[in-house]
Amino acid sequence: MDIASRPAEPAQNPQIADAAPAPQAPPVIRREDYLPPAWLVPEIALDFALGLDATTVVSRLSVRRNPAGNGAQTLRLNGDQISPVAVHVDGEAINDWRMDGPDLLIELSGEAHEVRVETALVPSGNSQLMGLYASNGMLCTQCEAEGFRRITFFPDRPDVLSTYSVRMAGAKATFPILLANGNCTAQGEGENGTHWAEWHDPWPKPSYLFALVAGELIANHATFTTMGGRTVDLNVWVRPGDEGRTQHALDSLIASMKWDEETFGREYDLDLFNIVAVSDFNMGAMENKGLNVFNTRYVLADPETATDADYDAIEGVIGHEYFHNWSGNRITCRDWFQLSLKEGFTVLRDQLFSAAMGSEPVKRIEDVRVLRIAQFPEDSGPLAHPIRPDSYQEISNFYTATVYNKGAEVIRMMRTMAGEERFRQGTDLYFERHDGEAATCEDFVKAIEDGAGLDLTQFRLWYSQAGTPQVSASLKVENGTAVLSLRQSVPATPGQPEKQPMPIPLRVALFDRASGTHGGESLIVLDKAEDSFTFDGAGHDPILSINRGFSAPVSIEMARPDADLVFLAAHDDDPFARYEAMQSLVVQHLVAAVGSGLNEAQREAGREAIGEAFGAIVTDPELDDLMRGELLLLPAESYLAEQLLVSDPGAIHAEREGLKAWLGRKLGGELRALHDRVSAVPYSREAAARGARKVKTQALVYIAAGDPAEGARRGYAQYQAASCMTDRQGALMVLASLDCPERELALADFLARYEGNALVIDKWFSLQAGSLHPRVLDHIKALASHPEFRMSNPNRVRSLYMAAAMNPVAFHDPDGEGYRMIGDLIRRLDPINPQTAARFVASLGRWRRVEPQRAALMRAELERIAAQADLSRDVREQVTKSLG
Ligand code: 0A1
Ligand code: ZN
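What counts and how
Residues numbered from 1 in each chain as written. Chains lettered and ligands numbered in written order. Predicted model: local features only at pLDDT ≥ 70, side-chain atom pairs only at ≥ 80, totals over all residues. Helix = DSSP H or I, 4+ residues; strand = E, 2+ residues; numbered from the N terminus. Rg over C-alpha atoms; globule rule 2.2 N^0.38 Å. Contact = placed C-beta atoms within 7 Å. UniProt positions renumbered as here; feature names shortened; annotations may be inferred. Pairing = 2+ DSSP bridges. Axes fitted to C-alpha atoms, helices over the stretch in contact; angles between N-to-C directions. pLDDT = per-residue confidence, 0-100. Near = placed C-beta within 6 Å. Core = buried A, V, L, I, M, F, W, Y, C linked by C-beta atoms within 7 Å. Buried ≥ 20, exposed ≤ 12 C-beta atoms within 10 Å, placed from the backbone. Right-handed = clockwise from strand over helix to strand, strands pointing away. Expected span 1.5 Å × (residues − 1). Arc of directions from axis to C-beta. Parallel < 35°, antiparallel > 145°, perpendicular 65-115°, else oblique. Left-handed = near helix turned anticlockwise from the far one by under 90°. Nonpolar A, V, L, I, M, F, W, Y, C, P; charged D, E, K, R; others polar.

A. Structural detail: the overall build of the protein chain. A tally of helices and strands in the protein chain yields 29 helices and 31 strands. Since a compact globule built from 884 residues should have a radius of gyration of about 29 Å, the 28 Å found for the protein chain is in line with a globular shape. Restricting to contacts in the protein chain with at least 6 residues of sequence separation, those with at least 24 account for 71%.

B. Main features of the UniProt feature "domain: Peptidase M1 membrane alanine aminopeptidase" (unreviewed entry) in the protein chain. Residues annotated in UniProt with the feature "domain: Peptidase M1 membrane alanine aminopeptidase" (unreviewed entry) correspond here to residues 249-459. Helix and strand shares over residues 249-459 are 55% and 9% respectively, and the end C-alpha atoms of the span are 37 Å apart.

C. Geometry of the sheet that holds strand β13 (residues 177-180). Strands sit in the order β10-β11-β16-β13 across an open sheet of 4 strands; the sheet is antiparallel. The sheet is open, and its two borders are formed by β10 (131-135) and β13, each paired with just one other strand. Along the sheet, successive strands turn relative to each other by an average axial angle of 15 degrees, direction set aside. Bridge count between strand β11 (residues 138-142) and strand β16 (residues 212-215): 2 bridges; the pairing is antiparallel. When the bridges of β16 are listed, cysteine 140 appears paired with valine 213.

D. Here's a closer look at the UniProt feature "domain: Aminopeptidase N-like N-terminal" (unreviewed entry) in the protein chain. In this structure's numbering, the residues bearing the UniProt feature "domain: Aminopeptidase N-like N-terminal" (unreviewed entry) are residues 126-209. Measuring from the first to the last C-alpha atom of residues 126-209 gives 19 Å, for a span that is 0% helix and 51% strand.

E. Local environment of the confidence of the model for the protein chain. Residues of the protein chain with pLDDT of at least 70 account for 97%, and the chain-wide mean is 96. Here residues 1-23 is a poorly scored stretch, pLDDT under 50, and it has 34 contacts once near neighbours within four places are set aside; other chains count. At the level of chain-chain contacts, confidence expressed as ipTM amounts to 0.99, with global pTM at 0.97.

F. Broad picture of the site of ligand 1. Every residue lining ligand 1 is accounted for by Gln142, Glu144, Asn282, Met283, Gly284, Ala285, Met286, Glu287, His320, Glu321, Glu343 and Tyr399. Of all the secondary-structure elements, those providing two or more residues to the shell around ligand 1 are β20 (285-286) and α3 (308-323).

G. How the structure looks around the sheet that holds strand β31 (residues 555-557). Strand order in the open sheet formed by 4 strands is β29-β26-β25-β31, and the pairing between neighbours is mixed. Since the sheet does not close on itself, it has two edges, and those belong to β29 (530-535) and β31, each with one partner. Strand after strand, the sheet turns through a mean of 25 degrees between neighbouring axes, direction not considered. Here 9 bridges tie strand β25 (residues 470-478) to strand β26 (residues 481-489), and the two strands are oriented antiparallel to one another. Pairing of valine 471 across the sheet is with glutamine 488, part of β26.

H. A look at the nonpolar core. Of all hydrophobic cores here, the largest spans 251 residues; its most connected members are Val213 and Val276. Looking at which element gives the most residues to this core, the answer is helix α11 (residues 575-594), with 10 residues. In this structure valine 213 touches Met138, Leu139, Cys140, Leu179, Val276, Leu291 and Val293, once residues within four positions along its chain are discounted.

I. Local environment of unusual backbone geometry. Geometrically, the link from glutamate 144 to alanine 145 is a cis peptide bond, its omega value of -5 degrees lying close to zero. Inspection of the secondary structure assignment puts alanine 145 in the loop between β11 and β12 (162-171). Of note, glutamine 81 is a non-glycine position whose phi angle comes to about 55 degrees, a positive value. Here glutamine 81 shows up in the loop between β4 (74-77) and β5 (84-89). Positive phi outside glycine occurs at leucine 129, with the angle close to 60 degrees. One can find leucine 129 in the loop between β9 (112-121) and β10.

J. Here's a closer look at the environment of valine 681. Along the polypeptide, valine 681 turns up in the loop between α16 (668-679) and α17 (687-706). Judged by local crowding, valine 681 falls into the partly exposed class, with 16 C-beta atoms found within 10 Å. Sequence separation between valine 681 and alanine 692 is 11 residues, and the spatial gap between their C-alpha atoms is 6.9 Å. Those residues in contact with valine 681, other than ones at most four positions away along the chain, are Ala689 and Ala692.

K. Seen up close, the pairing of strand β19 (residues 272-278). Most of β19 sits out of view: 6 of its 7 residues are buried. As paired elements, strand β18 (residues 231-238) and β19 share 5 bridges and run parallel to each other. Each bridged residue has a counterpart across the sheet, and for leucine 234 the counterpart in β19 is phenylalanine 273. The parallel pair β18 and β19 is bridged by helix α2 (residues 247-264), and the resulting crossover is left-handed.

L. Just α16, in detail. Over its 12 residues, α16 extends 16 Å from the first C-alpha to the last, a length consistent with the 16 Å expected when each residue adds 1.5 Å. Every buried residue of α16 is accounted for by Leu671, Leu674, His675 and Val678. The buried residues of α16 occupy one face: seen down the axis, they fall within an arc of 100 degrees. Opposite the packed face of α16, turned more than 90 degrees from it, sit the exposed residues Gly669 and Asp676.

M. Up close: the packing of helix α18 (residues 708-721) against helix α19 (residues 725-736). Two elements in contact, α18 and α19, have axes separated by 8 Å at closest approach and are oriented at 155 degrees. By the criterion of interaxial angle, the relationship of α18 to α19 is roughly antiparallel. Taken as a pair, α18 and α19 cross one another with a handedness that is left-handed. Between α18 and α19, the residues in contact are Gly711, Ala712, Gly715, Tyr716, Gln718 and Tyr719 and Asp727, Arg728, Ala731, Leu732, Val734 and Leu735, respectively. Residues that form the contact of α18 with α19 fall into these classes: 7 nonpolar, 3 polar and 2 charged.

N. Structural view of the environment of glycine 453. By secondary structure assignment, the location of glycine 453 is in the loop between α8 (441-452) and α9 (461-464). Between the C-alpha atoms of glycine 453 and alanine 418, which are 35 residues apart in sequence, the distance is 7.8 Å.

O. Quick look at the packing of α2 against α3. For the pair α2 and α3, the least separation of the axes is 9 Å and the interaxial angle reads 45 degrees. Comparing the axis directions of α2 and α3 gives the class oblique. As α2 runs across α3, the sense of the crossing is right-handed. Of α3, the residues touching α2 (which contributes His248, Ala249, Ser252, Leu253, Ser256, Met257 and Asp260) are Tyr311, Ile314, Glu315, Ile318, Gly319, Tyr322 and Phe323. Per-class residue counts for the contact of α2 with α3 are 8 nonpolar, 4 polar and 2 charged.

P. Fine view of the environment of isoleucine 395. Inspection of the secondary structure puts isoleucine 395 in the loop between β23 (391-392) and α6 (401-418). With 18 C-beta atoms packed within 10 Å, isoleucine 395 lands in the partly exposed category. Along the sequence, isoleucine 395 and phenylalanine 337 sit 58 residues apart, while their C-alpha atoms lie 8.6 Å from each other. Ignoring any residue separated from it by four or fewer positions in sequence, one finds isoleucine 395 in contact with Ala145, Glu146 and Trp336.

Structure below.
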């Protein structure tokens, strides 16, 4: 009988029945409680008999007592929803193992043993997509953070590093390709149409980096020769039919490998690097050693089906996962509280890579925009946590913008203070000192301190304190000497009522109004609650440009005349500061308008100032279009809401839309001319053509806001003339918000045209769910019962419901229908995929910062979720914190 079809009967151990029921409130895991493991597992051999509906796993662990451990006799092997079919120690079947909740405990004396455990899995029934699961006819694994324990019993913690040998066997017709980490060491044919393969990974790794993939796959192949002369085989594996959309991913991988050698001196360390694209995946991608598993979304691209933004995201994520090979795999994390050690650093590395591949200033602006939209609200809400959290209930909830993006900003500040060269000395020392280890954030900071020659004593507060620092600034000038007075405060966050001042590096320059230039940029570090800085030769009335390049992830508070911001938007030589001036001009106006209210004359005056700056940007022949595209973006509504203690989302939306329409009318001629000019640029992947496409849709957005009929006409023309997805999606986005016949025509055409292409159908869902159409809630409801909607596929769920949760019109519907919809989704999705369900809670968790009527509705929705029995640990933690 084929081993894969053997029934999955757990071993009869009477003690299973006696095991205590799982506790009601999930335990809180604390950073300060860290203890080294009692037992180590230097080697593991895994034997898989693969089947989509039944897979058996035999795991042989060589365990050795940890000299640095507490000497415990008990070997704790973590499990999650698995039971042992059989347990052997040193070749003997044993019965005196016991379960402690989900974990398997074995009493062991002596120093070293071989433990063999057999488990039986049902991959096709694994809807959580953690552990071993079936996706689109293939088998794949996801083990970070705690998925390995869903495959076999193991000390599933990142400080237990093992050398893995993997054997897998399965039906050749179903699984013609068999992949695991490292190198394939042997393969052969079995009986009854089966075949097998053996893989060995020479690099010791934690269990979260284990991966296995089996299925019908086809590769786009290339080779890369490393700086040390090693030839590496590279493969991007996809489902047959998708191979024509893999070249960009492969090119991005090659570019990443080269860039990491040149920029960080890091060389790849195996002869093979495999990437596999899967359609059902909870996150973006996963850096398993030598076998990265990717969401198809971050692999597949061609001009017809992927936008320029998709191309950029693929390049960034391919880089990110590749860079993890050093920042994450060669040096991993001691425990999950150190997650930012690998993630913050790797995000910084991918940001620098993307900047080097494209436009550095545009990339910086995009990164700051993401930080402000995704991380600032986190930092000011009930789920705020430091980049190195102190406690958690469910680690999956800590894959956050704070750990990733703020983590990157914190390391970027070290780089800014050290300068590029000294920072490199710091990272060289880090890689050398900790290679092969499971390290801590403290190890990283110490290495940068020693290698770069910085004193980071006080800087360590960035790792322990949550909250976005507020810096208020004022400038006084006397006799050519300017005095910049700065005051910082770090807001209270849950569990951290009091904060200490942190070192805040600020790049500043003082501009002379007449010449439009400055006498040189300075880097100042504000490390006290209050301080002042003196600048000589500043002229009599200079204009301050501060936090240039966004040198620190803080909010600057400074009331400034519109004229100064218009000046900086036009003259600042730091492109980020130009963007920032434009944003501040708009933020200042909109916040005043929705806050205290403006009379008509004041509103008009504010709009005029913005219109003047916008007009200059629309027509400036010196500006490249990619940068023009950034400067023309209005601040996001969520960022505007951040500026107010309590916001009225309806008022923010109305005021922002009002400004958009006003600009569309005011600059109608210029915008139509711009749209015409860029529409004539032929398709290419060059920066100029990408810039043209970016402003094409933006111009269309303003045109449609000012004159919906003209918007519908031009939008439909752009849709029909589109030779690429960027133009087609842009046009459809604009049409989706309009109440016009062209909307329905284009939506129907899009669905028919891309039938069968899941990633493009995702776009069709999210464009409608994100639209500003007055009946958007009805549209979303209809889409939820569309035959193409599938609750089991995270990409599809996100395309409909994340777009809805981020859509101010739908989500903040005054009757609370949007909140109800997201609440219902969380309750329905939780039993299927708790990790994805938990990601939706934060949107409702913002209730304290929203006007009272809506706040009550949001809170009621959270309470309704909390009242549901059997909530997952993931959702329970987020809901409890959001209500608390
Ligand atoms: N380490 C990955 C992120 C990741 C985390 C958890 C996952 O489980 C579903 C998957 C991926 C990264 O930073 O890319
Ligand atoms: Zn990562």
